[in-house]
Amino acid sequence: MEEKNITFQFNNEDIEAAPGRTIFEACRDKGIFMPGICSSQPDLGVGVIKTCDTCYVEVDGELKRSCTTEIEPDMKVSSESDKAKAAQLEGMSQILKNHELYCTVCDNNNGNCEVHNTAEYLQVDHQKYEFTSKPYAADNSHPNYRYEPDQCILCGLCVEACQDLQVSEVLSIDWEREEPRVIWDNDVPIDESSCVSCGHCVTVCPCNALMEKTMLGEAGYMTSMPKNILEPMIDLTKEVEPGYQGIFTISNIEASMREDRIDRTKTVCTYCGVGCSFEVWSKDRDILKIQPQPDAPANGISTCVKGKFGWDFVNSEERLTTPLIRKDDTFVEATWDEALSLIAEKFLGIKEQHGVDALGFVASSKCTNEENYLFQKLARSVFQTNNVDNCSRYCQTPASAGLMRTVGIGGDSGTIKDIANAELVVVVGANPSESHPVLATRIKRANKLHDQKLIVADLRKNELAERADYHIHPNPGTDLVWISAVTKYMFDQGWDDSEFLKGRVNNVEEYKQSLEKFTLEYAEEITGISKDQLIEIATMIHEAKTTCILWAMGVTQHIGGTDTSTAIANLLLVTGNFGKEGTGAYPLRGHNNVQGASDFGTMPNYFPGYEPVENDEIRQRYEEAWQVELPKEPGLNNHQVVEAIDDGQVKGMYLFGEEMALVDSNINYVHGAFEKLDFFVVQDIFFSKTAQFADVVLPAAPSLEKEGTFTNTERRIQRFYKVFDPLGNCKPDWEIFQELANKCGADWHYESPAEVMDEAAKLAPAFAGVSYKRLEEWESLCWPVDENGKDYPLLYEESFGFPDGKARLFAVDWSEPYEAGEEYDLHLNNGRLLEQFHEGNMTRKSEGIMHKAPNPWLEVSHELAEERDIKTGSLVRLTSPYGKVKVRVLVTDRVKGNELYLPMNAIEEIQAVNKLTSSYHDKDTHTPNYKEMQVKMDVLEKDGDSPLPSVNFRFGNPQPHIGVEVEKKWERDDFTSVPEVVEREDVIDGKSDHAN
Amino acid sequence: MAKAITQINVQKKTEEERQRQLQQDLLNQLTENHQSLDTIFDIVDELNKAGVLDMVKGFLRMRDQIGSISIEKVNQPSMHHLIKNGFHAIEFIGKLEPEKLEKMMDGLVHGLDRMAKETEKQEEVSMWKMFKLMRDPHVLTALSYLTAFLNGMGEELGTNRQQEGR
């Protein structure tokens, strides 16, 4: 039952609000502006910081902070009484002691400066307390942002963001020194701290103390003025100080002028599957900054280093800007007409000569839903083949398959909000802090502030494992066993949710019997996790009202990847953890559009919306719409296509936006296959390793140069807008597909991606209500979307994705992982890292990122380092049965014993982990078993430079505490509270009845 | 049977080709906008004849030095006074109510006219005549306004002194 609203009086008017709201919140909800610099970030909360003191109101005669005072019935609140106004003004005056107002020549004067706007609102006219410089120089050491202590108002928004939202716990305000300031770690230069460069602090800074370096001297009309003019000018302004109101008028005019030359365009991040959206502030072709907004549905104001600072690739000189055609041993530039005519001629020739299935199509999970839709339409309708697949085959197809078996829909069951609200989060074989950084912040925050419990099962002691209430280290490739044992234990203890199982799940008894062999003893023997630990995990799941399980490639990239994913869904079903808030299964999608690429049909067996191509009725629907007969048999997936090339079955291939030559497993074999192709088209924004094998290379446009939609890990469809025109002669991928289709005789006339989406929505019931109109600005839709626009952020509230609406428990057995043989004595683990995206084709173009993490490295445990007599910087060769790499060592306690970790940020083959991986694969979906490999190690050089520079955050020294610790400010001798000052001055200023 | 290759023959446009392309683009723009351009050329021509362009050129070329010199000159006490007084004067005018000011100004103009006539007479004014004049209703009105004005001014000056004295 909802509690009744409370009515209170605000400036003599009745206001109604929910109990528990603060005065500040109640006013904000009613659209009443209340000053409050340190409550200006909704993601950080209202009233948690308490440093700015500008939100004072008079409550029944007493001065109180509106941000912390909860409303009460009949309470009389005034924000306009003399006393309240004097208090607000005093708060602001104390701030201006630390901040010089030179707005017109400040790069932060863009209409959204909280300090400027609040000072203006409070009609501050003069500096009450003299501004004095702090005895600290600006810290310019970080490549992407700078801190100017002289302008810092010590509000601590940055500290709060770093400590409690991003939870990297780097920033503090040192209240104890004579002149307080923000410090990094234990007061080291920013660049040498544990700062992960996520940009939260810069984003929340309410003034110009923390700023992106790309803004400095660029944003304003007069901000690039040389210092010898600027400084006297500020002095002059201060000297003649006609009152700040006049200055504000001028600065407001200047801010409006800036709107003319700075474009703010909403985009969706093109890196991981979290799907952050934010504004790109641009001036001509320069990116001034990435500005997140609280309205962004997945991330709010959060970003990671790549989303905030990783966009330099867009203007890289290495961008492909013109089509290339192979002539003998060189590529020569060509016109679009030449290139597309050649492709049409060759592909139609192969189709004629060798049949339709001699062509293969590999789609990109970095490109848009519309582009994936058109690509599968191109393959199916123009070239008559279902040989079309996307790169989710390399990562998450097993997770989708496991979910389709059990709950019916191959996607996350809820949203990031559910993960944040769960009582227990279990992370299996995933490293969200580095691979899904913004999603990880929500877990870290809930764990730090809201008593959320966290279990991590991983070989590595990654950041979440470090923070977890419980970290287990199962033997590689044995997750299915411990998960099934925990599930069996649930049944044995009577901890299964029998009501849920009875009402909503099929196949319970058969499944229960299939668990027979998964005793705690068996599990202990196989996984190395003790019985006690298993019982502890089961108990934690049992005791939590809501549990979410998250997993990624540590689960899927195995021979039994689909089965382990299935086992996870089984455990959640048995414990009733589906269909309610804070529960569910969350395969964390790797690329920005892994979800969407499969959703929109670049799969050999599915049309868009996962409708089988074999189904006559469904196929007929597409045949009628496209006016062409379509092939019935499912085509080859990526893995099978490579095999078929090797066998001489597939002769021609078209690949876009995928660095298959580095990221597919066993790349020596893949390269061999590429060399056998008669005709190979590669479409990319860079001349990739894969492009080196091509006959035609087509220059594509990245997301900032086109329109479209991406679908994130939450099944959330988000729209992005064009920031720049395509560079040189490059074109958006969808335009290229359309032109090629028309060269081959099709008659397509899409004017924009919106029209492509309209067609997909008409044909695929899952997207029936999706339209660009419904996706404007920060609007988004979590599919399935009904025709009337209703979407489903949380799935299975009423029914599961099967015709009878019930879920199905699905019996699975453990598949032993691949063993390379006895001589290969070290286990090789691999994956991503925070700073570089994937192999690094895009992020390596960012100087700041290269400064922080320029090379791949091999993580080696202390034990192994000692045993082999190597240290950080040693050069070693790793050999597997499939190939060799040479990399430098980093000794760390993130890995244990004989387990190695090699991140995949290599663009040089000799460092690429996939020289070592095999062509074995998940038995159900053909996803390569990247995580199952052993190697032997030879030491080549004992001494050498560390592959990771000392300015990397991993060497930092975080200082965890909660928030800004404002109590320390209040304890300072020189601190007088605002009500005290007001009280004192009130008496002095004339309410007294005696003369002096 | 395609081996991986990395050689790309970039058909670098020769400098001449690039120039020609640029010229062509420019010409197209010129033709499209010829009417407005004609006007601009006229204006530029006039500016040149008037010597303005030369001056502007010099100023722009030396902008850093000039900026630095002038800001130094401006950043002096006398300049501060000038600017401050300027602001005060503007503020003062802003505070006056236009109707009252109009009435006052009309009175002032009229008074000045009369004064001018009076000065032309060049005759001695006797005390007696002065007293007689005081009884004139117009003079009385003006005098009462003046005393009211003095009263207000004194009050404001008085409070200021009181505050400073504390």
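Note that the structure is predicted; figures quoted are calculated from it, not measured. (Residues numbered from 1 in each chain as written. Chains lettered and ligands numbered in written order. Predicted model: local features only at pLDDT ≥ 70, side-chain atom pairs only at ≥ 80, totals over all residues.)

**Student:** Would you mind going over the overall build of chain A with me for this structure?
**Tutor:** Tallying secondary structure elements over chain A gives 33 helices and 37 strands in all. By the compact-globule yardstick of 30 Å for 996 residues, chain A fits well, its C-alpha radius of gyration being 30 Å. Once the C-alpha set of chain A is aligned to its principal axes, its extents read approximately 105 × 70 × 65 Å. For chain A, with 996 residues in total, the buried portion stands at 58%. A separation of at least 24 residues holds for 74% of the contacts in chain A among residues at least 6 apart in sequence. (Helix = DSSP H or I, 4+ residues; strand = E, 2+ residues; numbered from the N terminus. Rg over C-alpha atoms; globule rule 2.2 N^0.38 Å. Buried ≥ 20, exposed ≤ 12 C-beta atoms within 10 Å, placed from the backbone. Contact = placed C-beta atoms within 7 Å.)

**Student:** Looking at this structure, how should I read the UniProt feature "coiled-coil region" (unreviewed entry) in chain B?
**Tutor:** Residues given the UniProt feature "coiled-coil region" (unreviewed entry) here are residues 5-33 of chain B. From the first C-alpha to the last, residues 5-33 of chain B spans 48 Å; its make-up is 62% helix and 7% strand. (UniProt positions renumbered as here; feature names shortened; annotations may be inferred.)

**Student:** Looking at this structure, how should I read the domain arrangement of chain B?
**Tutor:** The accessible area lost on association of the parts is a frequent measure of interface size. The domain architecture assigned to chain B consists of domain 1 (97-121) and domain 2 (126-160). Placing the centre of domain 1 of chain B and that of domain 2 of chain B at their C-alpha centroids yields a distance of 15 Å. (Domains from an automatic or database assignment.)

**Student:** How do you make sense of the domain arrangement of chain A when you look at a structure like this?
**Tutor:** Entries for chain A in the domain assignment read domain 1 (6-95), domain 2 (324-393 + 594-742), domain 3 (397-585) and domain 4 (826-955). Between the C-alpha centres of domain 1 of chain A and domain 4 of chain A the distance comes to 54 Å.

**Student:** Looking at this model, I keep getting lost on the packing of helix α10 (residues 369-382) of chain A against helix α28 (residues 733-743) of chain A. Mind explaining?
**Tutor:** The description of two helices packed together rests on the angle between their axes and the distance between the axes. Residue and element names in this part refer to chain A. It is at 9 Å that the axes of α10 and α28 come closest, and there the two elements cross at 15 degrees. Classified by the interaxial angle, the pair formed by α10 and α28 is roughly parallel. Here α10 runs over α28; the crossing is left-handed. Two secondary-structure elements touch here, α10 through Glu370, Glu371, Leu374, Phe375, Leu378 and Val382 and α28 through Asp733, Trp734, Phe737, Gln738, Leu740 and Ala741. Looking at side-chain class alone, the contact of α10 with α28 contains eight nonpolar, one polar and three charged residues. (Axes fitted to C-alpha atoms, helices over the stretch in contact; angles between N-to-C directions. Parallel < 35°, antiparallel > 145°, perpendicular 65-115°, else oblique. Left-handed = near helix turned anticlockwise from the far one by under 90°. Nonpolar A, V, L, I, M, F, W, Y, C, P; charged D, E, K, R; others polar.)

**Student:** Sorry, what's going on with the sheet that holds strand β17 (residues 424-428) of chain A here?
**Tutor:** Residue and element names in this part refer to chain A. As summarised here, the arrangement of the five strands in space is β19-β18-β17-β21-β22, forming an open sheet in which the pairing is parallel. The two strands at the open ends of the sheet, each matched to only one other strand, are β19 (470-472) and β22 (584-587). For this sheet the average axis-to-axis angle between neighbouring strands, irrespective of direction, equals 15 degrees. Where strand β18 (residues 453-457) lies against β19, three bridges are found, and the strand directions are parallel. (Pairing = 2+ DSSP bridges.)

**Student:** Explanation requested: the UniProt feature "domain: 4Fe-4S Mo/W bis-MGD-type" (unreviewed entry) in chain A in the structure shown.
**Tutor:** UniProt's entry tags residues 262-318 of chain A with the feature "domain: 4Fe-4S Mo/W bis-MGD-type" (unreviewed entry), counted in the numbering of this structure. In the segment residues 262-318 of chain A, helix accounts for 9% and strand for 33%; the C-alpha atoms at its two ends are 26 Å apart.

**Student:** How do you make sense of helix α22 (residues 561-574) of chain A when you look at a structure like this?
**Tutor:** For an α-helix, 3.6 residues make a turn, and residues three or four places apart therefore share a direction. Here α22 of chain A is 14 residues long and its end C-alpha atoms lie 20 Å apart, about the 20 Å a rise of 1.5 Å per residue gives. Looking one or two residues past α22 of chain A, Gly576 of chain A carries a phi angle of roughly 70 degrees, positive in sign. (Expected span 1.5 Å × (residues − 1).)

**Student:** How should I be thinking about unusual backbone geometry in this particular structure?
**Tutor:** When glycine is set aside, most residues are seen to have a negative phi, and most peptide bonds are trans. Residues and elements named next belong to chain A. For the peptide bond that leads from Trp783 to Pro784, omega is 0 degrees, which places it in the cis range. Take Pro784: it is sitting in the loop between β30 (780-782) and β31 (807-808). In this model, Asp187 sits at a positive phi of 70 degrees, which is unusual for a non-glycine residue. Residue position: Asp187 is located in the loop between β8 (182-184) and α5 (200-204). Positive phi, close to 65 degrees, is recorded for His926, a residue that is not glycine. Looking at the element boundaries, His926 is found in the loop between β36 (899-903) and β37 (934-941).

**Student:** Looking at this structure, I do not really get the nonpolar core. What am I missing?
**Tutor:** Across soluble globular proteins, nonpolar side chains show a tendency to be buried alongside one another. If you look at the biggest cluster of nonpolar residues, it comprises 302 residues, and the most contacted ones within it are Cys158, Val425, Leu534, Ile549, Leu550, Ile568 and Val697 of chain A. When near neighbours in sequence (up to four residues on either side) are disregarded, Ile568 of chain A contacts Val428, Ile483, Ile549, Trp551 and Ala585 of chain A. (Core = buried A, V, L, I, M, F, W, Y, C linked by C-beta atoms within 7 Å.)

**Student:** For this particular structure, what's the right way to read the interface of chain B and chain A?
**Tutor:** With 23 residues of chain B at the contact, the number on the chain A side is 27 residues. The set of elements that each furnish at least two residues to the side of chain B that touches chain A consists of β1 (8-9), α4 (63-74) and α5 (77-95) of chain B. Here the residues of the side of chain B that touches chain A are counted per class, giving ten nonpolar, eight polar and five charged. Looking at chain direction, strand β14 (residues 330-333) of chain A and β1 of chain B are connected through two bridges and run parallel.

**Student:** Would you mind showing me how to read the packing of helix α16 (residues 479-493) of chain A against helix α20 (residues 531-543) of chain A here?
**Tutor:** Residue and element names in this part refer to chain A. Where α16 meets α20, the closest approach of the two axes is 9 Å, and the angle between their N-to-C directions is 60 degrees. Taken together, the axis directions place α16 and α20 in an arrangement best described as oblique. Seen along the crossing, α16 lies across α20 with a hand that is right-handed. Each of Trp482, Ala485, Val486, Tyr489 and Met490 in α16 lies in contact with α20, whose residues at this interface are Leu534, Ile535, Ile537, Ala538 and His542. The residue makeup of the contact of α16 with α20, split by class, is nine nonpolar, one polar and no charged.

**Student:** Would you mind going over the UniProt feature "domain: 4Fe-4S His(Cys)3-ligated-type" (unreviewed entry) in chain A with me for this structure?
**Tutor:** Under the feature "domain: 4Fe-4S His(Cys)3-ligated-type" (unreviewed entry), the UniProt entry names residues 83-123 of chain A. Overall, residues 83-123 of chain A shows 54% helix and 0% strand. The separation of its end C-alpha atoms is 15 Å.

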